[in-house]
Amino acid sequence: MGIIWTIIIGFVAGVIAKFIMPGNNEPAGFIMTTILGIVGAFVATFLGQALGWYGPNQGAGFIGAVVGAVVVLAIYGFIAGRRTTNTF
């Protein structure tokens, strides 16, 4: 059940992260944004468990998932920005 809640929270966190970090290099599609939000929630859960903030069966909270989604969107924007600026 913990994975399902992480996916649901990541879905909502991805939408909120898109509103926090709009930009040209961000994924334009709704599905891609929510997938990156879910990935951000899993990253936040993994890092929180590795740092001892969450227990073994706990997932990231809502704020942690939003922060994780913003970080994943920023990394995606950085990588996508580097890929598109090399055109001649």
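None of these values were measured; they are calculated from a predicted model.

About the cut-offs
Residues numbered from 1 in each chain as written. Predicted model: local features only at pLDDT ≥ 70, side-chain atom pairs only at ≥ 80, totals over all residues. Heavy atoms only, no water. Helix = DSSP H or I, 4+ residues; strand = E, 2+ residues; numbered from the N terminus. Buried < 20%, exposed > 50% of the residue type's maximum accessible area, 1.4 Å probe, protein only. Contact = heavy atoms within 4.5 Å. Areas by Shrake-Rupley, 256 points an atom, 1.4 Å probe, with all protein chains shown as cover. UniProt positions renumbered as here; feature names shortened; annotations may be inferred. Expected span 1.5 Å × (residues − 1). Core = buried A, V, L, I, M, F, W, Y, C linked by side-chain atoms within 4.5 Å. pLDDT = per-residue confidence, 0-100.

> Just checking my understanding: could you explain the overall build of the protein chain for this structure?
The helix and strand inventory of the protein chain stands at 3 helices and 0 strands. Listed N to C, the secondary structure of the protein chain is α-α-α in terms of helices and strands. Across the 88 residues that make up the protein chain, the buried fraction comes to 33%. Long-range pairs, those at least 24 residues apart, make up 69% of the contacts in the protein chain with a sequence separation of at least 6. As displayed, the protein chain offers around 5800 Å² of accessible surface, 74% of which is attributable to carbon and sulfur atoms.

> What's the story with the UniProt feature "transmembrane region" (unreviewed entry) in the protein chain in this structure? I'm lost.
This chain's UniProt record puts "transmembrane region" (unreviewed entry) on residues 27-47 and 59-79. As annotated, residues 59-79 has a helix share of 86% and a strand share of 0%, and its two end C-alpha atoms lie 27 Å apart.

> Teacher, can you tell me more about helix H2 (residues 30-50) here?
Given 3.6 residues per turn, any residue in an α-helix points the same way as the ones three and four places further on. A rise of 1.5 Å per residue sets the reference length of H2, with its 21 residues, at 30 Å; its end C-alpha atoms lie 30 Å apart and thus fit the reference within 8%. Taken together, the buried positions of H2 are Thr33, Thr34, Leu36, Gly37, Ile38, Gly40, Ala41, Ala44, Thr45 and Gly48. In the segment just after H2, glycine 52 is the residue with positive phi, at about 85 degrees.

> Please clarify how the nonpolar core should be interpreted in this entry.
Inside soluble globular proteins, nonpolar side chains tend to come together where they are buried. Grouped together as the largest cluster of nonpolar side chains are 10 residues: Ala13, Ala17, Leu36, Ala41, Ala65, Val66, Ala69, Val70, Val72 and Leu73. Those elements that place two or more of their residues in this core are helix H1 (2-20), H2 and helix H3 (62-84). With 6 residues, the top contributor of residues to this core is H3. Ignoring anything within four residues of it in the chain, the contact list for alanine 17 reads Val66, Ala69, Val70 and Leu73.

> Quick question: what am I supposed to make of the confidence of the model for the protein chain here?
Atomic detail in the predicted coordinates should be set aside for any region of low pLDDT. Of all residues in the protein chain, 81% have pLDDT values of 70 or greater, and the mean over the chain is 76. Within the protein chain, no element has a lower average pLDDT than H3, which sits at 78, and none a higher one than H2, at 82.

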